[in-house]
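Architecture and fold: a report
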Amino acid sequence: MAANGDGFSEVSMEDLMGQVEKRQISTIVFIIAMQKEAQLMINRFRLVKDINSPFPKEVTWVLFNGMYKDLNISIVCPGKDSTLGVDSVGTVPASLVTYASIVAMKPDLIINAGTAGGFKAKGASIADVYIVSSVAFHDRRIPVPGLDLYGVGMRKAFPTPNLIKDLNLKVGRLSTGDSMDMPPHDKESITANDATVKDMEGAAVVYVADIFKVPTILLKGVTDIVDGNRPTSEEFLENLAAVTAKLDESVAKVIDFINGKCLSDL
Ligand code: SAH
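Residues numbered from 1 in each chain as written. Predicted model: local features only at pLDDT ≥ 70, side-chain atom pairs only at ≥ 80, totals over all residues. Heavy atoms only, no water.

**Let's talk about the UniProt feature "domain: Nucleoside phosphorylase" (unreviewed entry) in the protein**
The cut-off we apply is this: UniProt positions are given in the numbering used here, feature names are shortened, and annotations may be inferred rather than shown by experiment. Secondary structure elements follow DSSP: runs of H or I of four or more residues count as helices, runs of E of two or more count as strands, with numbering from the N terminus.
This chain's UniProt record puts "domain: Nucleoside phosphorylase" (unreviewed entry) on residues 27-255. When the span residues 27-255 is considered, its composition is 35% helix and 27% strand, and the gap between its end C-alpha atoms is 11 Å.

If you want it as structure tokens, here you go:
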């Protein structure tokens, strides 16, 4: 900290960030697209559905919260589409719940946990759980200088070298788009993004969290092999339950590692 001519101390952004990062993490918000992906974690951490949720009465978003060890944990799911009754997957609901959760709960850390397609050419197998190093979009092609990069929207996840080492987690880049299939255009962009896993929410969650400078980590369990020979939706549905169980185990280890630590310890 340096003193200026008026005798006031000037706190640099770095000092401030340092102070924030040295405070013990206390509030964690999970953003999870499908309630099926979240249920084991809700049970494990004994979270309770918040019937007085801070969200507007019109939305379908569901909030579960509770204390686990020293952590105040919330899980937010976008809930069922009010017309079709299916999970509100994809970037639009994910952005909205991330925004509202940050405003309402001011988390120290966001964790986007869920399932993803994996590329065997990049080393992914069914039921692997990846911690994501960076995110980008693969279906926002804008061939105008400057806007092209905006469309790709590459952002780094919060770096967690100690967590990765301690838990021996696989690390890979994530590519996000609003479709579950992969037409040739998307394939090209995913290759350019150097992605190992592909989902429908991650880059949107990080986009919003980045606005508010909320550190975000992403954990993705592989339900289907995109460059394999099985139809994606069939493989996804077949593996969903088992992969959700693997994801829950990894989340449990990650939370136990985070408990009592500061951001800079991760
Ligand atoms: N039919 C399913 C919905 C699946 S949507 C149902 O309603 O039960 C797919 C969800 O899993 C999204 O939240 C997405 O993030 C993730 N996902 C899993 N495999 C994926 C893939 N190959 N491509 C894109 N998203 C995938």
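**Some remarks on the site of the ligand**
Where we set the bar: What makes a residue near a molecule or strand is one non-hydrogen atom of that residue sitting within 4 Å of it. Nitrogen and oxygen atoms within 3.5 Å of one another constitute a polar contact, given that in protein one can donate a hydrogen and the other can accept it, and given that sequence-neighbouring residues count only through two side-chain atoms. Surface exposure here means Shrake-Rupley accessible area, sampled with a 1.4 Å probe, where a residue is shielded only by the protein chains that are shown.
As a matter of local geometry, the ligand sits amid 16 residues, with T115, K198, M200, E201 and D224 nearest to it. With respect to the ligand, the backbone of G117 contributes an N or O atom lying 3.3 Å from a nitrogen atom. D224 has a polar side-chain atom sitting 2.7 Å from a nitrogen atom of the ligand. Summarising the interface, the protein chains cover 85% of the accessible area of the ligand, which totals 580 Å² for the free molecule. Sorting the residues of the shell around the ligand by element identifies β7 (109-118), β11 (197-199), β12 (216-225) and α8 (232-258) as the ones contributing at least two each.

**What to know about helix α6 (residues 184-192)**
To be explicit about the condition: Categorising residues by exposure relies on relative accessible area from a 1.4 Å probe, with only protein chains included: less than 20% of the type maximum marks a residue as buried, more than 50% marks it as exposed, and the intermediate range marks it as partly exposed. Regarding the arc, it is the one traced by the directions from the helix axis to the C-beta atoms. By definition, residues are in contact when any of their heavy atoms lie within 4.5 Å.
Within α6 the residues assigned to the buried category are D186, S189 and I190. Down the axis, α6 shows its buried residues gathered within 100° of arc, on one side only. More than 90 degrees from the buried face of α6, the exposed residues found are P184, E188, T191 and A192. Where α6 is buried, its residues touch β10 (170-176) and β11.

**So, the nonpolar core**
Note the following rule: Only buried residues count toward a nonpolar core, which is a set of Ala, Val, Leu, Ile, Met, Phe, Trp, Tyr and Cys residues joined through side-chain atoms within 4.5 Å.
Core analysis: the biggest nonpolar cluster contains 35 residues, and I28, F30, I75, I111, V251, I255 and I258 have the highest contact counts within it. Among the elements that take part in this core, α8 stands out by supplying 6 residues, more than any other. Among residues more than four places away in sequence, those in contact with I75 are F30, I32, A38, M41, I42, L47, V62, L63 and F64. By size, the runner-up hydrophobic cluster in this structure holds 16 residues, among which are L63, A94, A209 and V214.

**Description of a nonpolar patch on the surface**
Here is the rule: Residues enter patches when their relative accessible area tops 30% and they take part in no salt bridge; the joining distance is 9 Å for like charges and 5 Å for the nonpolar side chains Val, Leu, Ile, Met, Phe, Trp and Tyr. Salt bridges are defined as contacts in which a side-chain nitrogen from Lys or Arg sits within 4 Å of a carboxyl oxygen from Asp or Glu.
A surface patch of nonpolar side chains, amounting to about 720 Å² of accessible area, comprises Y99, V103, V144, L147, Y150, Y207, I211 and F212. With respect to the element layout, L147 can be found in helix α4 (residues 147-152). For L147, a relative accessible area of 39% corresponds to the partly exposed category.

**A few points about the packing of helix α3 (residues 91-105) against helix α7 (residues 202-211)**
Working note: a packed helix pair is described by the angle between its axes plus the distance between those axes. Put simply, the rule is: Here an angle of 0 to 180 degrees is reported between the N-to-C directions of two axes, which are lines fitted to C-alpha atoms, with helices fitted over the stretch in contact. Note that the term roughly parallel is reserved for angles under 35 degrees, roughly antiparallel for angles over 145, roughly perpendicular for angles of 65 to 115, and oblique for everything else. The crossing is said to be left-handed when, going from far helix to near helix, the turn is anticlockwise and less than a right angle, and right-handed when the turn is clockwise. When residue character is reported, Ala, Val, Leu, Ile, Met, Phe, Trp, Tyr, Cys and Pro are called nonpolar, Asp, Glu, Lys and Arg charged, and the others, Gly included, polar.
Contact geometry for α3 and α7: axes closest at 8 Å, N-to-C directions at 30°. With respect to α7, the axis of α3 lies roughly parallel. Considering the relative orientation of α3 and α7, their crossing is right-handed. Of the residues in α7, those touching α3 at T91, A94, S95, T98, Y99 and I102 are A204, V205, V208 and A209. Across the contact of α3 with α7, the residue classes tally to 7 nonpolar, 3 polar and no charged.

**Let's talk about helix α2 (residues 35-44)**
Because each turn of an α-helix spans 3.6 residues, side chains separated by three or four positions end up pointing in the same direction. Regarding α2, the residues found buried are E37, A38, M41 and I42. Projected onto a plane normal to the axis of α2, the buried residues spread over an arc of 125° and lie on a single side. Elements in contact with the buried residues of α2: β5 (62-68), β6 (71-77), β7 and α8. R46 sits one or two residues past α2 and shows a positive phi near 50°.

**Section: the pattern of salt bridges**
Applying the stated rule across the entire model yields 14 salt bridges. One salt bridge in this structure joins K57 and E58, with 3.0 Å as the shortest N-O distance. Here K57 and E58 have matching classes, each one exposed. Ionic contacts of the salt-bridge type, sharing partners, join the residues K122, R173 and D194 into one network.

**Observations concerning the confidence of the model for the protein**
Note: predicted coordinates in regions of low pLDDT should not be interpreted at a detailed level. Put simply, the rule reads: One number per residue, pLDDT, summarises how confident the predictor is, and it ranges from 0 to 100.
Residues with a pLDDT of 70 or more make up 92% of the protein, whose mean pLDDT is 94. A low-confidence stretch, residues 1-8 (pLDDT under 50), is modelled with 11 contacts involving residues beyond four sequence positions or located in other chains.

**Here we look at the packing of aromatic side chains**
The line we're drawing: When the centres of two rings from Phe, Tyr and Trp lie within 6.5 Å, Trp using its six-membered ring, the rings pair. Their planes under 30 degrees apart give stacked, over 60 give edge-to-face, and anything left gives tilted. Both a distance and an angle decide whether a charge sits over a ring: NZ of Lys or CZ of Arg must be within 6 Å of the ring centre and within 35 degrees of the ring normal.
Considering all chains together, one arrives at 3 aromatic pairs under this definition. Centre to centre, the rings of F45 and Y68 are 4.8 Å apart; their planes meet at 65°, and the pair counts as edge-to-face. Of this pair, F45 sits in the loop between α2 and β4 (48-49) while Y68 sits in strand β5, and the two are 23 residues apart along the sequence. You can call F45 buried: its relative accessible area is 2%. Taking relative accessible area as the criterion, Y68 reaches 18% and is therefore assigned buried. Judged by centre distance (5.3 Å) and plane angle (75°), the rings of F55 and W61 are edge-to-face. Residue placement shows R140 over the ring face of Y150; its charged tip is 5.1 Å from the ring centre. Stacked on the ring of F257, the Lys or Arg K261 has its end atom at 4.0 Å from the ring centre.

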